[in-house]
Amino acid sequence: MSKIACGIDLGGTKLEVGLVDDNGNIIARVKRPTHAHEGPESVIDKINDSIMTALEKSNIKQRDLRGIGIGVPGLIDADMGKVIFLTNLPGWRDIPLAEIMEEKFHIPVKLGNDADAAAYGEYLFGSGRGARNFVYMTVSTGIGGGVIIEGKLYRGASSGAAEIGHVVIDVHGEKCNCGNYGCFEALASGTAIARFAKRAIDRGRHSLIEELSGDEPIKAEHVFEAAGQGDRLALDIIDEEAFYLGIGICNIMAMYNPERIAIGGGVSNQWDMFYHKMMETVRDRALKQNAKVCRVIKAELGTDAGVVGAAALII
Ligand SMILES: [Zn+2]
């Protein structure tokens, strides 16, 4: 029996543990709320419990695990296996997570930034298979990314490489969560789509988006749904979104010259609504010699990217 890797997708609202084989198949998974407000100790207990539950469910022995990979949503020191700081999980500051888990399970534990992990998972088992130079970007609440150069995950000097979401694409643009202005994420994330819609409606534009969102805050999904029904404002916003995504891709092509770029995250589920316009921008603006060798495709692993990618850190 081939050895199994354990992948953990640690999120602010939910955590997911998966046992993954050498081909990237998830054999067992356990998903539960993180209850991040209870603090690191309690969250680590939940991770450990979930691993045990997954082992029991699948009849796999602890000794058959080759290691544990953890995708972490924030700042880490991958070499030291340490969590430096997490915005969405209170109390996580300078936690030697790999060491704590190694003491419990006696197998190697590796940490990766969650977007890096997803990129590596896509590279091994999904949209990046066979591409030596590959960039994965995820567009959802924010925009993140991971870069594979010559077959290796590129982390940078302090695990901060490929912060694609914070490449500035409009120097006079919207303020970003990072403190800068006009970042890719501030203009093209799902959050940005919702913000543009809300602002236009507050200023008196009439739109189906209002009806679709009802009493809820406006979300990107409402905008896509309204656009699907031909709503003018929604169509304008999606057009703008596609344009910004295209500009972001031009930048990625210029920086890394990959042969493939894959887009994942919630927004990528609306592929047909933005793909054409996005590629039109790429054709108009990208460096020709770099664009010629690059395919832009939808990521393949979907919501499994987190778990499979974390396991890939070990595989
Ligand atoms: Zn930023």
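No experiment lies behind these values; they were computed from the predicted model shown. Throughout, residues of each chain are indexed from 1 in the direction in which the sequence is written. Whole-chain, interface and lining totals are the exception, using all residues; otherwise, since this is a predicted model, local features are given only for residues with pLDDT of at least 70 and side-chain atom pairs are given and counted only at 80 or more. As a convention, hydrogens and water are excluded, and side-chain values are obtained from all of the structure's heavy atoms.

Thoughts on the side chain of Glu241
Consideration 1: For helices the rule is a DSSP run of H or I covering at least 4 residues; for strands it is a run of E covering at least 2, with both sets numbered from the N terminus onward. Relative to the helices and strands, Glu241 resides in helix H8 (residues 232-256).
Consideration 2: Three exposure classes are used, based on accessible area relative to the maximum for each residue type with a 1.4 Å probe and protein chains only: buried under 20%, partly exposed in between, and exposed over 50%. Residues counted as positive are Lys and Arg, residues counted as negative are Asp and Glu, and His and the chain ends are not counted. Salt bridges, as used here, are contacts in which a Lys or Arg side-chain nitrogen is within 4 Å of a carboxyl oxygen on Asp or Glu. Buried and without a salt bridge, Glu241 has Arg195 as its closest oppositely charged side chain, separated by 9.2 Å.
Consideration 3: Once you skip the residues sitting within four places of it in the chain, Glu241 turns out to touch Val139, Leu187, Ala188, Ser189, Ile193 and Val267. By definition in these notes, contact holds between two residues if any of their heavy atoms fall within 4.5 Å.

Quick look at the coordination of the zinc ion
Consideration 1: Each metal's donors are the N, O and S atoms within 2.8 Å of it, or within 3.2 Å when it is Na, K or Ca, and because water is not part of the set, sites may look incomplete. Bound to the zinc ion on the protein side are His166 (ND1), Cys176 (SG), Cys178 (SG) and Cys183 (SG), at distances that span 2.1 to 2.3 Å.
Consideration 2: Here the metal geometry follows the donor angles, with tetrahedral for four donors whose angles all fall between 85 and 135 degrees, square planar for four and octahedral for six when opposite donors are more than 155 degrees apart and every other angle is between 65 and 115, and irregular for all the rest. Seen from the zinc ion, its 4 donor atoms lie at angles of 105 to 122°, and the figure they make is tetrahedral.
Consideration 3: Spacing between the donor residues of the zinc ion along their common chain follows H-x9-C-x1-C-x4-C.
Consideration 4: Judged by its relative accessible area of 44%, Cys178 is partly exposed.
Consideration 5: Overall, the relative accessible area of 0% leaves Cys183 in the buried class.

A closer look at the environment of Glu56
Consideration 1: Tracing the backbone through its elements, the reader meets Glu56 in helix H1 (residues 40-58).
Consideration 2: In this structure the C-alpha to C-alpha distance between Glu56 and Ala28, which are 28 residues apart in sequence, comes to 9.4 Å.

Comments concerning the sheet that holds strand E3 (residues 26-33)
Consideration 1: Strand pairing is assigned whenever DSSP identifies at least 2 bridges connecting the two strands. Read across the open sheet, the 5 strands follow the order E3-E2-E1-E4-E8; overall the sheet is mixed. Strand pairing shows two members of the sheet lacking a second neighbour, E3 and strand E8 (109-113), which therefore form its edges. Averaged over all pairs of adjacent strands, the angle between their axes in this sheet comes to 15°, without regard to strand direction.
Consideration 2: The sheet contacts of helix H2 (residues 97-105) involve strand E1 (4-10), strand E4 (65-72) and E8, and relative to E8 the element is tilted by about 150°. Lines fitted to C-alpha atoms define the axes here, with helix axes fitted over just the stretch in contact, and angles between the N-to-C directions of these axes take values from 0 to 180 degrees.

Observations concerning the domain arrangement of the protein chain
Consideration 1: By convention here, the domain bounds are inherited from an automatic or database domain assignment. The domain boundaries assigned to the protein chain delineate domain 1 (4-121 + 304-312) and domain 2 (129-299).
Consideration 2: A C-alpha centroid distance of 27 Å is found between domain 1 and domain 2.
Consideration 3: The interface is formed by 11 residues belonging to domain 1 together with 11 residues belonging to domain 2.
Consideration 4: Accessible area that two parts lose when put together, with a 1.4 Å probe and added across both, is what the buried area reports. Taken over both partners, the interface formed by domain 1 and domain 2 buries close to 870 Å², and the fraction arising from carbon and sulfur atoms is 57%.
Consideration 5: By the criterion of area lost to domain 2, the three top residues of domain 1 are Asp116, Ala119 and Tyr120, representing 52% of everything that side buries.
Consideration 6: At the boundary of domain 1 and domain 2, one finds 0 salt bridges.

Overview of the nonpolar core
Consideration 1: Residues grouped as a nonpolar core are buried Ala, Val, Leu, Ile, Met, Phe, Trp, Tyr and Cys residues, joined through side-chain atoms within 4.5 Å. Ranked by size, the top nonpolar core spans 48 residues in total, and within it Met137, Ile209, Val223, Ile249 and Met278 carry the most contacts.
Consideration 2: Of all the elements in the fold, those that place two or more residues in this core are strand E9 (134-139), strand E10 (143-149), helix H4 (184-188), helix H5 (190-202), helix H7 (220-228), H8, strand E12 (260-264) and helix H9 (271-285).
Consideration 3: The biggest single contributor to this core is H8, with 12 residues.
Consideration 4: Each residue touching Met278, except ones within four places of it in the same chain, is listed here: Ala242, Leu245, Gly246, Ile249, Ile263, Trp271 and Val296.
Consideration 5: Ranked by size, the runner-up nonpolar core spans 35 residues in total, among them Ala28, Ile51, Ile68 and Leu89.

With respect to the pairing of E1
The two faces of the sheet receive side chains in turn, since in a regular strand these alternate between them.
Consideration 1: Burial runs high along E1: 7 of the 7 residues are buried.
Consideration 2: Side chains of E1 alternate between two faces, with Ile4, Cys6, Ile8 and Leu10 and Ala5, Gly7 and Asp9 buried alike.
Consideration 3: Note: E1 against E4, 6 bridges, orientation parallel. From the neighbouring strand, Gly7 faces E4, where its bridge partner is Gly69.
Consideration 4: Looking at chain direction, E1 and strand E2 (residues 14-20) are connected through 6 bridges and run antiparallel. Residue pairing across strands places Ile8 opposite Val17, the latter belonging to E2.
Consideration 5: Once E1 ends, the chain turns through 3 residues before running back antiparallel as E2.

Some points on the packing of aromatic side chains
Consideration 1: Ring pairs shown here join Phe, Tyr and Trp side chains whose ring centres sit within 6.5 Å, with only the six-membered ring taken for Trp; geometry is labelled stacked below 30 degrees between planes, edge-to-face above 60, and tilted in between. Scanning the model with the defined rule gives 4 aromatic pairs in all.
Consideration 2: Pairing Trp271 with Tyr275 gives two aromatic rings, centres 5.2 Å apart and planes at 25°, and the pair type is stacked. Taken together, the residues Trp271 and Tyr275, both in helix H9 and 4 residues apart, mark about one turn of the helix.
Consideration 3: According to the relative accessible area criterion, Trp271 is buried, its value standing at 13%.
Consideration 4: By relative accessible area, Tyr275 is classed as partly exposed at 31%.
Consideration 5: In this structure an aromatic cluster arises from ring pairing among Trp271, Phe274 and Tyr275.
Consideration 6: Only when the NZ of Lys or the CZ of Arg is both within 6 Å of the ring centre and within 35 degrees of the ring normal is a charge said to sit over the ring. Taking NZ or CZ as reference, Lys104 lies 5.6 Å from the ring centre of Phe105, over its face.

Considerations on the side chain of Asn290
Consideration 1: The residue Asn290 is located in helix H10 (residues 288-292) in this model.
Consideration 2: There is a polar contact of 2.8 Å between the side chain of Asn290 and the backbone oxygen of Met253.
Consideration 3: Contacts of Asn290, omitting those with residues within four sequence positions, involve Met253, Ala254 and Asn257. Polar contacts, as counted here, are pairs of nitrogen or oxygen atoms within 3.5 Å of one another; within protein the pair requires one atom able to donate a hydrogen and one able to accept it, and residues that are adjacent in sequence qualify only if both atoms are side-chain atoms.

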